[in-house]
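Each chain, letter by letter, is given below.
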Amino acid sequence: MSRRAIAGSLTRAPQLIRPITIQPPPFPPARFSSSSSSLSPSSQSVSTASAMDPPNSSSSASPRFSAGTDEASARAAVASLLARPSPSPSSPGGEGRWALVKDGEALERSFKFKTFAKTWDFMTAVSLQCKLKNHHPEWSNVYNTTYIRWTTHNPKGLSSKDVDLAAVCDALAKDFGELPPEPVSCAVRDVADRVVGEAGPDCCTPKK
């Protein structure tokens, strides 16, 4: 091939290189069923709230106390422990962080700390208070988070020990530098539920 022919082919080469534009395939127009648009805002908000609530819990549930508990004083103490939503934008909510669960027979919440060592120190301090009260929680721990649920198995319900020790946990957590709490995860709750099922109902039965 002559030099003139080669030069001519080189000058035409850039004209063959063109950007390729890929057109997306046409999509059919979206169709919405009348049933999806008929949902009212109130029904949607109920569905969202129920998905976030812990099992067997209710914002309007009343505490169910075990036999022999002074219900008047215990009820007031429980009210101060519970986390309550703000009644209006200008009013603060409740300062408590506990949730009433198990149909009102238990109090639960999570505690989060900076390190596992801090978490373990907190759990050790709680266990010493349990020894003094001759009572125990349903709890589980994953790294820097501890889940605690207070309830009495025999007689069944919330006892004054549960309420008192929940308040003790709050005070101890503050001493050990508790971080802002997170919602209770299903994983740590399931661990506690499984262990309780394996332990049986005799843990709160007085030993003779």
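Residues numbered from 1 in each chain as written. Predicted model: local features only at pLDDT ≥ 70, side-chain atom pairs only at ≥ 80, totals over all residues. Heavy atoms only, no water.

Going by what an unreviewed UniProt entry lists, the protein is known as 4a-hydroxytetrahydrobiopterin dehydratase and is assigned to Purpureocillium takamizusanense. The UniProt entry for the protein carries the following comment under Catalytic activity (unreviewed entry): "(4aS,6R)-4a-hydroxy-L-erythro-5,6,7,8-tetrahydrobiopterin = (6R)-L-erythro-6,7-dihydrobiopterin + H2O". According to UniProt, the comment filed for the protein under the heading Sequence similarities (unreviewed entry) is "Belongs to the pterin-4-alpha-carbinolamine dehydratase family." (UniProt positions renumbered as here; feature names shortened; annotations may be inferred.)

K.L.:
Even after reading the chapter, I still don't get the packing of helix 4 (residues 71–81) against helix 6 (residues 160–175), so can you show me in this structure?
P.N.:
Relative placement of two packed helices is described by the angle separating their axes and the distance separating the axes. Contact geometry for helix 4 and helix 6: axes closest at 10 Å, N-to-C directions at 30 degrees. Judged by the inter-axis angle, helix 4 sits roughly parallel to helix 6. Seen along the crossing, helix 4 lies across helix 6 with a hand that is left-handed. Here Ala74, Ala77, Val78 and Leu81 of helix 4 lie close against helix 6, whose contacting residues are Val163, Ala166, Ala167 and Asp170. Classifying every residue of the contact of helix 4 with helix 6 gives 7 nonpolar, no polar and 1 charged. (Axes fitted to C-alpha atoms, helices over the stretch in contact; angles between N-to-C directions. Helix = DSSP H or I, 4+ residues; strand = E, 2+ residues; numbered from the N terminus. Parallel < 35°, antiparallel > 145°, perpendicular 65-115°, else oblique. Left-handed = near helix turned anticlockwise from the far one by under 90°. Contact = heavy atoms within 4.5 Å. Nonpolar A, V, L, I, M, F, W, Y, C, P; charged D, E, K, R; others polar.)

K.L.:
Sorry, what's going on with the side chain of Thr151 here?
P.N.:
Topologically, Thr151 is positioned in the loop between strand 4 (145–150) and strand 5 (152–153). Within the structure, Thr151 has its side chain in polar contact with the backbone oxygen of Glu105 (distance 2.6 Å). Leaving out residues up to four positions away in the same chain, Thr151 has contacts with Glu105, Ala106, His135, Glu138, Gly157 and Asp162. (Polar contact = N/O pair within 3.5 Å; in protein donor to acceptor, adjacent residues only side chain to side chain.)

K.L.:
What should I look at first to understand the environment of Pro155 in this one?
P.N.:
Relative to the assigned elements, Pro155 resides in the loop between strand 5 and strand 6 (156–157). Considered as a pair, Pro155 and Phe65 are 90 residues apart in the sequence and their alpha carbons are 9.1 Å apart.

K.L.:
Hey, could you run me through the environment of Lys133 in this one?
P.N.:
By the secondary structure assignment, Lys133 is in helix 5 (residues 116–133). Among all residues touching Lys133, those that are not within four sequence positions of it are Lys161, Asp164 and Leu165.

K.L.:
Honestly, helix 6 in this entry has me stumped. Any pointers?
P.N.:
Three- or four-residue spacings in an α-helix give side chains the same orientation, since the helix completes a turn every 3.6 residues. Here helix 6 contains 16 residues, and its C-alpha end-to-end distance of 23 Å stays within 8% of the 22 Å for a straight helix at 1.5 Å per residue. If you check which residues of helix 6 are buried, you get Asp162, Val163, Leu165, Ala166, Cys169, Leu172 and Ala173. The elements touched by buried residues of helix 6 are helix 4, strand 2 (106–112), helix 5, strand 4, strand 5 and strand 6. (Expected span 1.5 Å × (residues − 1). Buried < 20%, exposed > 50% of the residue type's maximum accessible area, 1.4 Å probe, protein only.)

K.L.:
Would you explain the nonpolar core in this entry?
P.N.:
Among the nonpolar cores identified, the biggest contains 24 residues, and Trp98, Leu107, Phe111, Phe122, Trp150 and Cys169 are the most heavily contacted of them. Elements represented by at least two residues in this core include exactly helix 4, strand 2, helix 5, strand 4 and helix 6. (Core = buried A, V, L, I, M, F, W, Y, C linked by side-chain atoms within 4.5 Å.)

K.L.:
Please explain the packing of aromatic side chains as it appears in this structure.
P.N.:
The way to describe two aromatic rings as a pair is by their centre distance and the angle between their planes. Summed over all chains, the structure comprises 4 aromatic pairs. Centroid distance Phe111 to Phe122: 4.9 Å. Interplanar angle 40 degrees. Geometry classified as tilted. On the criterion of sequence distance, the pair formed by Phe111 in strand 2 and Phe122 in helix 5 is long-range, its members being 11 residues apart. For the ring pair Phe113 and Phe122, a centre distance of 4.9 Å and an interplane angle of 40 degrees mean the geometry is tilted. Grouping residues by exposure puts Phe113 and Phe122 together as buried. An aromatic cluster is present here, built from Trp98, Phe111, Phe113 and Phe122 joined pairwise through their rings. Between the NZ or CZ atom of Arg109 and the centre of the ring of Trp98, over which it lies, the distance is 5.7 Å. (Phe/Tyr/Trp six-rings, centres within 6.5 Å; stacked < 30°, edge-to-face > 60°. Lys NZ or Arg CZ within 6 Å of the ring centre and 35° of its normal.)

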